[in-house]
Amino acid sequence: MAQYTTEALIIGIKNWGEADKIITLLSPERGRIKAAAFGCRRPKSALAGSLQMFNQVEVQVREGDRLDTIRSCSLLRAYRVMSTDFAAMAYGSFVAETASRLAIENFPQQDMYSRLQEIFEAFGRRNPRVAALAAAYQLLEYSGMQMSYQYCAECNRELEGDGGFAFDLGGALCRDCAGSRRRELGEYGVLAYSGEVREFILQLLELDWHSKPSFTVSGRTLVAAEALLLGYLHHIFEKPLKSLEFIRQIG
């Protein structure tokens, strides 16, 4: 079997068997990788210390017919705030799970990888709830499933003021098209999409992770932007993110 070495971020861990784990990695050259780490739950395992959630590592992997196997792993960087702060851990898990579901196997993901490094680094300096929201909106931009926020998905008119949002179209609707869709499908066919929410999302998309944000947001607008994002993720993934339960538990 062939072997390869790659730098990666750990974006998912699942216990497997009595002493093993399935590790999900994001590699700039290979995209999403799922690999077995045999025996890594044993205290004396050479893999135990480095194969932790959110770590940046260099791994040597042996390719398998059904599942690759991690042969060795060295720690490059640990983003420790997400291992010690429960809020950062919960919202960081949401970001990692979103990246895991959006990333593609055996396809270069350099842009997503670089952005995720910036996001993990910034989690200790930002409100984790807003950071997670900005992160998910930005990660969508590298996935091929990004949404349209400024132009109507039906008539391509530039949006002004309030409108609507349709998950099945992956984009916003102008006031006229939103009204037509509501008459056809009812209120549940279109999500409310105000001008304030649109401006906030655009700010999140442009957020610079290396500097402090220069905007404020009302609770109502924040909740609306979260509802839009989570609704769309549920639509494209066809099931809820498991990390949302962790977020609910921390209140």
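This text follows the structure it describes.
Structural notes, computed from the coordinates. (Residues numbered from 1 in each chain as written. Predicted model: local features only at pLDDT ≥ 70, side-chain atom pairs only at ≥ 80, totals over all residues. Heavy atoms only, no water.)

1. Digging into the overall build of the protein chain
Then, in step 1: A count of helices and strands for the protein chain gives eight helices and eight strands.
Then, in step 2: For the protein chain, the C-alpha radius of gyration of 20 Å lies close to 18 Å, the compact-globule estimate for 251 residues.
Then, in step 3: Along the first, second and third principal axes, the C-alpha atoms of the protein chain reach 65 × 40 × 30 Å.
Then, in step 4: Considering the protein chain as a whole, with its 251 residues, one finds that 49% of them fall into the buried category.
Then, in step 5: Considering only contacts within the protein chain whose residues lie at least 6 apart along the sequence, 60% involve residues at least 24 apart.
Then, in step 6: When the accessible area of the protein chain is evaluated, it comes to approximately 13,200 Å², of which 46% is carbon and sulfur surface.
Then, in step 7: Taken as two groups, the 29 positive and 30 negative side-chain charges of the protein chain have centres that lie 7 Å from each other. (Helix = DSSP H or I, 4+ residues; strand = E, 2+ residues; numbered from the N terminus. Rg over C-alpha atoms; globule rule 2.2 N^0.38 Å. Buried < 20%, exposed > 50% of the residue type's maximum accessible area, 1.4 Å probe, protein only. Contact = heavy atoms within 4.5 Å. Areas by Shrake-Rupley, 256 points an atom, 1.4 Å probe, with all protein chains shown as cover. Lys, Arg positive; Asp, Glu negative; His and termini not counted. Charge placed at Lys NZ, Arg CZ, Asp CG, Glu CD.)

2. Some words on the layout of surface pockets
Left-over empty space is what a probe sized like a water molecule reveals as it rolls over the atoms.
Then, in step 1: Estimates place the volume of the largest pocket at around 620 Å³.
Then, in step 2: Around the largest pocket, the lining comprises 17 residues; the ones closest to its centre are Gly12, Ile13, Glu97, Ser100 and Lys242.
Then, in step 3: Of all the elements in the fold, those that place two or more residues in the lining of the largest pocket are β1 (3-16), β2 (20-27), β3 (31-37), α2 (86-102) and α8 (243-250).
Then, in step 4: For the lining of the largest pocket, the class distribution of residues is five nonpolar, five polar and seven charged.
Then, in step 5: Counted as a void, the second largest pocket has a volume near 290 Å³.
Then, in step 6: Together, Tyr91, Phe94, Arg129, Ala132, Leu133, Glu226, Leu229, Leu230, Leu244, Ile247, Arg248 and Gly251 line the second largest pocket.
Then, in step 7: Put simply, the parts of the chain that give the lining of the second largest pocket at least two residues each are α2, α4 (128-140), α7 (219-237) and α8.
Then, in step 8: When the residues that make up the lining of the second largest pocket are grouped by side-chain class, the tally is eight nonpolar, one polar and three charged. (1 Å grid on protein atoms, 1.4 Å probe; cavity = no way out; pocket = protein on both sides within 12 Å on 5 of 7 lines; lining within 4 Å. Points joined across faces, edges and corners; volume = space filled by probe spheres on them. Nonpolar A, V, L, I, M, F, W, Y, C, P; charged D, E, K, R; others polar.)

3. What about the sheet that holds strand β8 (residues 191-193)?
Then, in step 1: The strand order across the open sheet built from three strands is β7-β6-β8, with neighbouring strands paired in antiparallel fashion. Each edge of the open sheet carries a strand with a single partner, namely β7 (171-173) and β8. Averaged over neighbouring strand pairs, the angle between their axes works out to 40° when direction is ignored.
Then, in step 2: With three bridges connecting them, strand β6 (residues 163-166) and β8 associate as antiparallel partners. Along β8, the bridge assignment pairs glycine 164 with alanine 192. (Pairing = 2+ DSSP bridges. Axes fitted to C-alpha atoms, helices over the stretch in contact; angles between N-to-C directions.)

4. As for the pattern of salt bridges
Then, in step 1: Evaluated as defined, the whole model comprises eleven salt bridges.
Then, in step 2: With its nearest N and O atoms 3.0 Å apart, the salt bridge here joins glutamate 97 to arginine 101. Of this pair, glutamate 97 and arginine 101 both sit in helix α2, four residues apart, which is roughly one turn of that helix.
Then, in step 3: Here arginine 101 falls in the partly exposed class, since its relative accessible area comes to 22%.
Then, in step 4: The shortest N-O distance in the salt bridge between glutamate 121 and arginine 125 comes to 3.2 Å. (Salt bridge = Lys/Arg side-chain N within 4 Å of Asp/Glu carboxyl O.)

5. A few points about unusual backbone geometry
Then, in step 1: In this structure, asparagine 156 takes a positive phi of about 65° despite not being glycine.
Then, in step 2: Structurally, the position occupied by asparagine 156 is in the loop between α4 and β6.
Then, in step 3: Positive phi, close to 65°, is recorded for glutamate 238, a residue that is not glycine.
Then, in step 4: Relative to the assigned elements, glutamate 238 resides in the loop between α7 and α8.
Then, in step 5: The class for glutamate 238 is exposed, based on a relative accessible area of 70%.

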